[in-house]
Amino acid sequence: MKTKILHFCLAALILFLTGSCTEEQTSVKYNFDSINDRVWIGEDFWSVPLEDWKVWNGRVEFTGEGQQSALTILPYTLSSNERSFSVRIEMGLLDTGRNTGAAGLIIGSQAIEEEDIKAAVYFGSGIRVGVNTEGYAFIDQNTKIIPDDFDWSNFYLHIIGEKGPDGYIVTLGLLDAGGNNVLNIQTSPENPVKGIVQIVNNFRSARSEDNGPKFWYDNLEIAGPRFVFSKQNKFGPVLWTMHTLSHNTLKLTAQLPPVGMDDNQTLELQVKNGNTWTSIGSQIIEPESRTATFRVEDWKSGEEKEYRVLYPFKDVFGQDKIDEYAGKIRKEPVDRPLYMGAMTCQFHTGFPYSPVVKNLKLKDPDILYFSGDQIYEQNGDYPIKREPEDTAILNYLGKWYMFGWAFRDLMRDIPTICTPDDHDVFQGNLWGGGGIPRPSGTANSDDLMGFTQTVKMVNVVNTTQCSHLPDPYDPEHIEQGMKVWYTNLNYGRVSFAILSDRVFKSGPDLVATWEGRKDHITEPLKDLSVIDRPDLELLGKRQEIFLQNWIRDWENIDI
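For clarity, every value in this text was computed on a predicted model and none was experimentally measured.

So, how was this worked out
Residues numbered from 1 in each chain as written. Predicted model: local features only at pLDDT ≥ 70, side-chain atom pairs only at ≥ 80, totals over all residues. Heavy atoms only, no water. Core = buried A, V, L, I, M, F, W, Y, C linked by side-chain atoms within 4.5 Å. Buried < 20%, exposed > 50% of the residue type's maximum accessible area, 1.4 Å probe, protein only. Helix = DSSP H or I, 4+ residues; strand = E, 2+ residues; numbered from the N terminus. Contact = heavy atoms within 4.5 Å. Patch = residues over 30% accessible without salt bridge, like charges linked within 9 Å, V, L, I, M, F, W, Y side chains within 5 Å. Areas by Shrake-Rupley, 256 points an atom, 1.4 Å probe, with all protein chains shown as cover. Salt bridge = Lys/Arg side-chain N within 4 Å of Asp/Glu carboxyl O. Axes fitted to C-alpha atoms, helices over the stretch in contact; angles between N-to-C directions. Parallel < 35°, antiparallel > 145°, perpendicular 65-115°, else oblique. Nonpolar A, V, L, I, M, F, W, Y, C, P; charged D, E, K, R; others polar. Phe/Tyr/Trp six-rings, centres within 6.5 Å; stacked < 30°, edge-to-face > 60°. Lys NZ or Arg CZ within 6 Å of the ring centre and 35° of its normal. Expected span 1.5 Å × (residues − 1).

## Brief notes about the nonpolar core
So, step 1. Counting residues in each nonpolar core, the largest one holds 88 residues, and the members touching the most others are Trp46, Leu267 and Trp400.
So, step 2. A per-element tally of this core places helix α4 (residues 389-411) first, with 14 residues.
So, step 3. When residues no more than four places from it in sequence are discounted, the contact partners of Trp46 are Trp40, Ala70, Leu71, Thr72, Leu74, Val121, Tyr122, Phe235, Tyr401 and Trp405.

## As for a nonpolar patch on the surface
So, step 1. Together, Ile521, Leu528 and Ile531 make up a nonpolar patch on the protein surface, roughly 270 Å² of accessible area in all.
So, step 2. Take Ile531: it is sitting in the loop between β28 (494-498) and α6 (541-550).
So, step 3. Its relative accessible area of 36% is what places Ile531 among the partly exposed residues.

## Here's the deal with the packing of helix α3 (residues 354-363) against α4
So, step 1. Taken N-terminus to C-terminus, the directions of α3 and α4 make an angle of 5°; their axes are 10 Å apart at the nearest point. With respect to their mutual orientation, α3 and α4 come out roughly parallel. In this structure, α3 contributes Val356, Val357, Leu360 and Lys361 to the contact, and α4 contributes Ala406, Phe407, Asp409 and Leu410.
So, step 2. Across the contact of α3 with α4, the residue classes break down as six nonpolar, no polar and two charged.

## A word on the packing of aromatic side chains
So, step 1. This structure, assessed with the given rule, holds 33 aromatic pairs.
So, step 2. With 5.3 Å between their ring centres and 90° between their planes, Phe150 and Trp152 make a pair best called edge-to-face. Take Phe150 and Trp152: they sit in the same class, and that class is buried.
So, step 3. Centroid distance Tyr486 to Phe504: 6.1 Å. Interplanar angle 75°. Geometry classified as edge-to-face. Taken together, the positions of Tyr486 in the loop between α5 (455-466) and β27 (487-491) and Phe504 in the loop between β28 and α6 put the pair 18 residues apart, joining distant regions of the chain.
So, step 4. Residue placement shows Lys54 over the ring face of Trp56; its charged tip is 4.4 Å from the ring centre.
So, step 5. Directly above the ring of Tyr168 sits Arg226, whose terminal nitrogen or CZ lies 4.5 Å from the centroid.

## Observations concerning α5
Because the α-helix completes a turn every 3.6 residues, residues three or four places apart line up on one side.
So, step 1. Given a rise of 1.5 Å per residue, twelve residues ought to cover 16 Å, and the 16 Å separating the end C-alpha atoms of α5 matches this to within 8%.
So, step 2. Extensive coverage of α5 is indicated by the burial of eleven of its twelve residues.
So, step 3. Along α5, the residues that are buried comprise Val455, Met457, Val458, Asn459, Val460, Val461, Asn462, Thr463, Thr464, Gln465 and Cys466.

Note that every value here comes from positions in space, so none of it alone points to a role or purpose.
What follows is the structure in structure tokens.
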């Protein structure tokens with residue numbers, strides 16, 4: 001599917017060069033040939049949902065069933081000037097699905113609330129351009145019937161924006177596999193064409209349903225002086241880092257996207273001594289969580305140090321690059337009060353939480369604390385997928401990456417405590433029972449003891465959110481081989497006991513004798529011994545032993 005239509009490219013180039021020889025030209029082509037097979041499309045793109053897009057055999061394929069699934073071009077956006085632009089993409093039908101549906105592009109997508117590319121990726125709207133398998137092409141409400149003999153297996157969309165005699169005009173050209181024009185549609189947008197460009201599979205509409213058609217996409221070309229390049233919009237391959245410093249031991253976790261098996265799997269951590277960068281360790285990416293955790297003992301906590309995480313990779317154009325994600329490890333504040341910024345419950349309607357991030361930067365706390373529900377099941381405006389296991393993990397990671405994208409510029413320099421809660425493991429309530437599994441078929445019951453998701457997925461949650469914390473007090477796994485993360489952190493002469501208030505907790509199904517939800521007591525109990533039993537756990541015996549030892553340890557601690 002790598003058809004090259006040279007006469008078309010030359011014609012487009014001549015079109016733009018005739019405007020003004022002084023205009024700065026953007027001309028970029030993504031053919032995906034140099035990208036290994038993988039879920040992550042590359043640093044120039046962001047897919048929603050993450051698990052429903054992949055690079056396969058040199059092209060992008062949509063594999064999901066949901067609506068309004070989008071692949072956003074990150075570094076190239078349309079400015080508000082009225083100069084020309086062109087977007088061209090090759091497409092083909094992979095699967096007709098059980099329902100008809102539309103695919104194509106959103107041109108100039110913006111979020112109403114704020115001009116932030118992160119908000120636009122998830123909440124933006126713009127000009128909808130594409131084809132519907134009912135048999136028509138469209139620009140928003142303007143439609144034209146596609147001929148009956150049209151070959152859906154391979155075709156092109158070509159969108160041109162240019163200033164006309166009566167205003168700005170956007171034209172859609174539908175071309176067959178040979179580059180022959182099938183039809184054209186024009187529109188004059190009421191609002192400026194400004195914002196991101198997104199590839200969309202199964203546009204959401206009043207008539208659309210899940211299980212619509214699936215398309216492949218290739219040879220994406222953008223051109224014209226209306227496009228502006230913003231390097232800071234790229235995301236990855238090192239997405240962000242989280243770190244803690246305790247007892248002169250640094251723990252730092254680098255978060256990565258789902259790179260391919262044939263991509264580089266090793267990261268390096270360096271610190272700056274004077275004008276020289278020194279390597280202090282390398283780590284292999286953990287395959288399920290897509291993280292790499294560095295542990296450095298004998299850290300000089302009385303000094304501030306710059307650090308960088310290096311990851312050699314091939315960019316989306318096949319060029320060898322080294323991604324450098326930099327930050328600083330601050331001098332431990334031991335001679336003044338410690339200031340904490342505490343957040344909880346990152347529901348997606350506030351994403352990217354810009355006022356929170358802005359004010360945290362102004363306050364510049366010494367330490368950050370995210371106390372749980374870093375993700376919710378609805379985050380990203382798409383539902384969770386509980387199975388199969390690998391898909392559930394990718395579904396979680398896509399929502400987790402929203403959290404990191406929003407707060408990464410804070411976390412790169414500020415030590416961070418992060419503890420997962422019930423929604424992080426896809427549960428409305430969690431009574432962990434020491435890590436036992438839930439009975440099958442009870443995923444939507446919030447009053448039963450145990451974990452709904454597999455231990456493999458729960459361990460991914462624990463690793464992504466907690467592996468940068470100081471080593472667990474007692475690292476022995478609990479039921480099913482589930483990881484634990486309860487520990488203490490000593491920072492700024494303050495000792496923090498970091499606990500899980502749900503993992504070991506007994507469930508109400510062990511005691512409930514009343515009707516309805518077992519976790520809702522609707523009237524006073526005559527006999528409190530029903531719920532006050534010595535065999536019921538709140539924090540768990542292991543955490544209680546930890547607390548008994550922690551409360552007696554005052555070495556180098558004031559609080």
